[in-house]
Each structure stands twice: as structure tokens, then as C-alpha cells.
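# Structural characterization, general
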Amino acid sequence: MVVRGKTLIQKTLFLSASHFAVRSVGFLLRLWLSRELGAQTMGLVELAQSAQMLLITPVVTGLPVAVSRMCAKTEGARRVRVVRCALLLALPVSMLIAVLAFLFREPLCLWLGDVQTLPALLCFLPCIPILGASCVLNGYYYGIGQPVPPAVSELLEQIVRALLCVRLVYGLRGWPTLFRAAIPAVATLAGETAGLILMLVLGARLVLFTQGEGSRKPVFRELLALALPLTGMRLISSLMQTVNATLIPARLQLFGLSAAEAMASLGVFHGMLKPILFMPSFITCSLSMAAAPELTKRQTDGQPLCTLSTRMILASLAIGAAASAGVWLFAPLIANFFFRQAALLPLLRGSCALIPIIATTHVCGGIMNALGLQGASLKISLASGLLGVLTVQFLVPVIGLWGAVVSLGAVQGLTLLLSLLVLRRSGCIARSR
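Below, the structure is looked at part by part. (Residues numbered from 1 in each chain as written. Predicted model: local features only at pLDDT ≥ 70, side-chain atom pairs only at ≥ 80, totals over all residues. Heavy atoms only, no water.)

Okay, the overall build of the protein chain next. For the protein chain, the count of helices and strands is 18 helices and 0 strands. Here the protein chain holds 433 residues, and 53% of them are scored as buried. Relative to all contacts within the protein chain whose residues are 6 or more apart in sequence, the contacts with residues 24 or more apart total 84%. Only carbon and sulfur atoms are counted for the fraction: they give 69% of the accessible area of the protein chain, which is about 18800 Å². (Helix = DSSP H or I, 4+ residues; strand = E, 2+ residues; numbered from the N terminus. Buried < 20%, exposed > 50% of the residue type's maximum accessible area, 1.4 Å probe, protein only. Contact = heavy atoms within 4.5 Å. Areas by Shrake-Rupley, 256 points an atom, 1.4 Å probe, with all protein chains shown as cover.)

As C-alpha cells, this is what we get:
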């Protein structure tokens, strides 16, 4: 048990370091893009990215988690069968989504509320099958407790993305806003392609030359049973986020802002404020991914789960509290120097208390996924997503962008409360005596 604990700590530290590098590059890139492109263009970027997240949800959420969970429980050639079956599911589905999105590209952009998102959407569509294949291979490596290949791949993706973004921003100065808003999508396509090539090089022997074992039908059934609830949960969550992204500018106009001001406010909220609030996720995500195989093994072996899961939750609270204090202290520097947006300062200080809640919600979700509680996660996501839409609908026209902040807090708070109740009923959290 001591050896397992040390291994978990080592994996968490390694993943935290790699995620810190990846998230640092991503954060600095977003900060730089916000300064170079401006709040209005970043608003278009965020609108396009909300649709992109919705499109990739069916192939990058439930299936990789299912692969990781199944690989953690099996050994040898059976793992090969799991990976191959997962790829046979991911690739056709992702290709179909990309084709349908292309055919219905104009209605999709009109639904987003701005046809200027069309170039960004078109540039992103080839990413869907690429991400589908990459995420399956990532799930395999995390499941067998080898986080190095996915970590190196993610770092390569981010570096390629950042370098190409910088090159295109300087090269396309003076171009129309709709084309400049497509720069992150083009860079993402290049980065994901580089990452997939690396993963294929590392995993070619596994996928092409290793002999699989057993029938495919039971593997397909188990993959679908594990993946569909989580995919449904994330699909609902992504759909609600997309609806919110389209609602906020429209409701801000009812608050009294012009269309340009509303789009700029969306850029401030999604492109500047939320990345700061979700900043501790590079540690909490690492903690969840490192602990997931161990939680799955303990559940399979009938071992107690309470100690490990409680420590994870307490660690996430501590990480979130420290980050919250740091954001409060350095809010003027972040708003005025890094983002050059004075309006961001009160938003940062008024919402930094949400950081511990967000961090703990993230870890609770990781624990539930590792223990196969996707059905409960789906219900929680539906309830919190509906709450988010309703609060944006009614609060933003009254109190402006603060309505979106209150909505975010309500969604995260409800998700955390319901997740803790589920984990308590499942024996993952000690009951009070």
C-alpha cells in the first residue's frame, strides 16, 4: 500500500509538472491572443470554440475514460482488443460528425448568432477524427499507468499551436475579423495533427502488430455501456455551454450594450475571466488522472475507497483556496498589465471565491468517472446545465456580465453539492457520526 501511495504521488507530480508546462503555454498564448486580437475578436473565437467543443464531445469524453477504465482492469493482449475496438468506434463516429457539421455549417453559425464564426468552424472540422484517435490512445496509456506518452504529445501539440498562432497573427494583420478569429482553429488543427503523429509512432506496434485476444462483441458492449452515460453528460454540458455562449451576447444587448460591446464582454468572460478561475485544473486534472486507475483497481478488488477519495477532495480544496488567494492578491496585475482590461479587475475579485468550488468539482467528477458512476454524473450535468441556462436568461439582462458570473457559481455549486451526495452514498466519503 505504501508503494502504491508513493507511485500515485510520483505520477501526480509528473502529470502536474507536464500539465503545468502545457497549461502555462496555453495560458500565455490566450493572454497574448487577447491582447493582439482584442476582446471583440476573442468573443468570436469563444463562440466558435463553444461549437467546436460540442462537436468533439461524442468522441473525446466517454470513450477515452472507458478505455482507461477497461485497460486498468485487464492485462496483456486483451488491452489491445480494447484499443482496437475503441478506434473502430471513434473514427466512424468522428467522421460522420465532421461531415454533418460541414453540410449544416450555415445553420450552425446562425444558431451561434454570428456568421463570422464560419471560417473558424470550417478550419476546425478536420480536428474531430484526429482528436478521436488521439484520445483513445491517451486513454490506453493512462489506464496502464504510463502517463509519459500522452504528456509529451500534449506538450508537442501546445508548442506547435502556440508557434503557429504567433506566426499567423503577425502574418494576417489587417485581415478581416472573421479570418483572424479562425487563427486559433488553424493552429489547433496543426497541433493536434502533430500530437496524433507522435502517438501513432509510439503506439503503432500496439495497434498494428500486437495480437489481440477474445471476441469483439463483449468489448464493444462494455465500451458503450461505460462511454454512453459519460458522453451524454458531457454532451449536455457542452450543449448548455454553447447555449450560454450564444445567450450572453443577446441578453447583454437587453441590458443596454451594443452588439460589439456584448461580443467584447463575452470575450472578457470566456476568454479572460474563466481561464483564471479554472487555472488550478492543471493540478486537479493531474490528480484525477493519476488516481483514476488506482481507484478502479481498489473498487475491483473490493478495497476501501474512502481514504483516497477524501484525501483527493481535501487536496483540491487546499489547491483551490491557495489559487483563490493568489488571484485576489494579483488581480490588478492580471487585469491591467497582462490582459489590459480594467473591467476585468472587479470581476476577478468578485469571483475568485469560486476557484475552490471549481477545483473540488473537477476532482469529484474524476472520482465518479473512475468508479463508473456515469449515470449519476449524467443526471447532475442535466440539472446544473438547466440551472445555468435559466440563470443566464434571467440575470444577465438585469445585472449584466455579473449575471454570467452568478450563473457560473450556481452551476459549479450545484454540481459539487450533488456530486458529494453521490460519493457519500457510494461510500467514498465518510459519513458523519
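Having seen it, we continue.
As a further point, take the pattern of salt bridges. Under the defined criterion, the tally for this structure stands at 1 salt bridge. With a shortest N-O distance of 2.8 Å, Glu36 and Arg173 are connected by a salt bridge. Of this pair, Glu36 sits in helix α1 (residues 2-37) while Arg173 sits in the loop between α8 (148-171) and α9 (177-180); the two residues are 137 residues apart in sequence, bridging distant segments of the chain. With relative accessibility at 26%, the residue Glu36 sits in the partly exposed group. Residue classification places Arg173 among the partly exposed positions, given a relative accessible area of 45%. (Salt bridge = Lys/Arg side-chain N within 4 Å of Asp/Glu carboxyl O.)

Its location among the elements puts Leu239 in helix α11 (residues 216-255). Spatially, the C-alpha atom of Leu239 lies 8.5 Å from that of Gly385, the residues being 146 residues apart in sequence. Non-local contacts of Leu239, meaning those with residues more than four positions away in its chain, are made with Leu54 and Trp111.

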